[in-house]
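The lines below spell out each chain.
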Amino acid sequence: MDPLVAPVPGDPDRAPAVRDMFARIAPGYDRANQLMSMGIDRIWRNIAIRALGDAARGDLLDLCAGTLDFTAALAPNARSIVAVDFCAPMLDAGRKKIPPGANVVTVCADARELPLEAGNFDGAVIGFGIRNVPEPERALAEVRRVLRPGGRLVVVDFFRPVTFSQRLFAGSYNRIVLPIVGGLVTGDASAYRYLAGSMAAWYDRKGFEEACRKVGFTSASGRDLFPPVASIVEAVA
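Residues numbered from 1 in each chain as written. Predicted model: local features only at pLDDT ≥ 70, side-chain atom pairs only at ≥ 80, totals over all residues. Heavy atoms only, no water.

A. How the structure looks around the pattern of salt bridges. Scanning all chains against the criterion turns up 24 salt bridges. A salt bridge links D41 to R45; its shortest N-O distance comes to 3.2 Å. Linking D41 with R45, this pair stays in helix α2 (residues 40-52), spanning four residues, or about one helical turn. Relative accessible area serves as the criterion here: at 11%, R45 is assigned to the buried category. (Salt bridge = Lys/Arg side-chain N within 4 Å of Asp/Glu carboxyl O. Helix = DSSP H or I, 4+ residues; strand = E, 2+ residues; numbered from the N terminus. Buried < 20%, exposed > 50% of the residue type's maximum accessible area, 1.4 Å probe, protein only.)

B. Fine view of the side chain of E234. With respect to the element layout, E234 can be found in strand β7 (residues 231-236). Side chain to side chain, E234 and R152 meet in a polar contact 2.9 Å long. Within the structure, the side chain of E234 is placed 2.9 Å from the side chain of R223, a separation counted as a polar contact. Apart from the residues within four sequence positions on either side, E234 is in contact with A51, R152, L153, V154, S219, A220, S221 and R223. (Polar contact = N/O pair within 3.5 Å; in protein donor to acceptor, adjacent residues only side chain to side chain. Contact = heavy atoms within 4.5 Å.)

C. Quick look at the pairing of β7. Burial of β7 is extensive: six of the six residues sit out of reach of the surface. Residues of β7 alternate between two faces, with S231, V233 and A235 on one and I232, E234 and V236 on the opposite face, all of them buried. One ladder, built from six bridges, connects strand β5 (residues 147-157) with β7; its direction is antiparallel. Paired with R152 across the bridge in β7 is V236. (Pairing = 2+ DSSP bridges.)

D. Spatial organisation of helix α7 (residues 189-200). Between its first and last C-alpha, α7 extends 17 Å over 12 residues, near the 16 Å set by a 1.5 Å rise per residue. Burial of α7 is extensive: nine of the 12 residues sit out of reach of the surface. Here α7 has its buried residues at S190, A191, Y192, Y194, L195, A196, G197, S198 and M199. (Expected span 1.5 Å × (residues − 1).)

E. A look at the sheet that holds strand β4 (residues 121-127). With mixed pairing, seven strands are arranged side by side in an open sheet as β3-β2-β1-β4-β5-β7-β6. The open sheet has two free edges, formed respectively by β3 (104-108) and β6 (219-224), since each of these has just one partner strand. Adjacent strand axes in the sheet meet at a mean angle of 15°, parallel and antiparallel pairs treated alike. By the bridge criterion, four bridges tie strand β1 (residues 59-63) to β4 in an arrangement that is parallel. (Axes fitted to C-alpha atoms, helices over the stretch in contact; angles between N-to-C directions.)

F. The environment of R213, seen in detail. Summarising the element assignment, R213 is placed in helix α8 (residues 205-214). Once the C-alpha coordinates of R213 and R42 are considered, the two residues, 171 residues apart in sequence, prove to be 28 Å apart.

G. Fine view of the nonpolar core. F22, W44, L74, V156, Y192 and I232 are the most contacted members of the largest nonpolar core, which totals 44 residues. Counting residues per element, the ones that place at least two in this core are α1 (15-37), α2, α3 (69-74), β5, α6 (164-186) and α7. Looking at this core element by element, the count peaks at eight residues for α1. When sequence neighbours within four positions are dropped, the list of residues in contact with F22 reads Y29, F86, C87, M90, N132 and L195. (Core = buried A, V, L, I, M, F, W, Y, C linked by side-chain atoms within 4.5 Å.)

H. Representation of α2 within the structure. The end-to-end C-alpha distance of α2 is 19 Å, a good match for the 18 Å that 13 residues give at a rise of 1.5 Å each. Burial in α2 covers these residues: D41, W44, R45, I47, A48, I49, A51 and L52. On its buried side, α2 packs onto α1, α3, β4, β5, β6 and β7. Just downstream of α2 lies G53, where phi reads positive at about 65°.

I. Quick peek at the side chain of S80. Structurally, S80 can be placed in strand β2 (residues 80-85). Other than its neighbours up to four places away in sequence, S80 contacts G58, D59, L60 and N103.

J. Fine view of the state of the cysteines. Applying the stated criterion across every chain yields a total of zero disulfides. This cysteine, C108, is not joined by any disulfide, and C87 carries the nearest cysteine sulfur, 7.1 Å off. Relative accessible area serves as the criterion here: at 46%, C108 is assigned to the partly exposed category. Cysteine C212 remains unbridged, with the sulfur of C64 as its closest cysteine sulfur at 13 Å. (Disulfide = S-S within 2.5 Å.)

Here it is, written out as structure tokens:
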């Protein structure tokens, strides 16, 4: 496949190409992430889990679950987890992380059309994945539908940088670290150039908070994490 260009949020035509891209890099995805994040992604996940509050011990949805890092971190305390991703090889690569006996079900499905009943979940997490969903507001509306009243959504992602420090850090990281390290580990530099471009074409954090409110969340607020490249957004159904 030809290298992907940076997507435009809301473009429904890129889903098959993005799915194929993730299928190609799935075998090396975790190793590339470990090298590029130097373990900081684990700290971000722990912050997100704390933001779930009591919901973290209930029935949870891990959307855009990828290789199941969030699912593995949540599994010891959650009553149940449904992990959904549209790329089966990514889910396959992560299944070894699920603790024995954990009540976890993995589902390969489109985030825009979840095969799940309404009002079944106490909380939902999306870690670095909704940026790759065409028509992201449809995915947010689906999360709102399957959450119980008062349920919590916590999203950690790379939003479009707006401050000078964010632009400086993200620009250097995206242009240099992502394609070089990702390309060396997975053999697919074009995939990581796409991921870098997807950040530039994505919502800024405030815009994403507004998108959450637009689809029916009663509140949505966020804050930037350290280093200033990732942010967390919390929304209440």
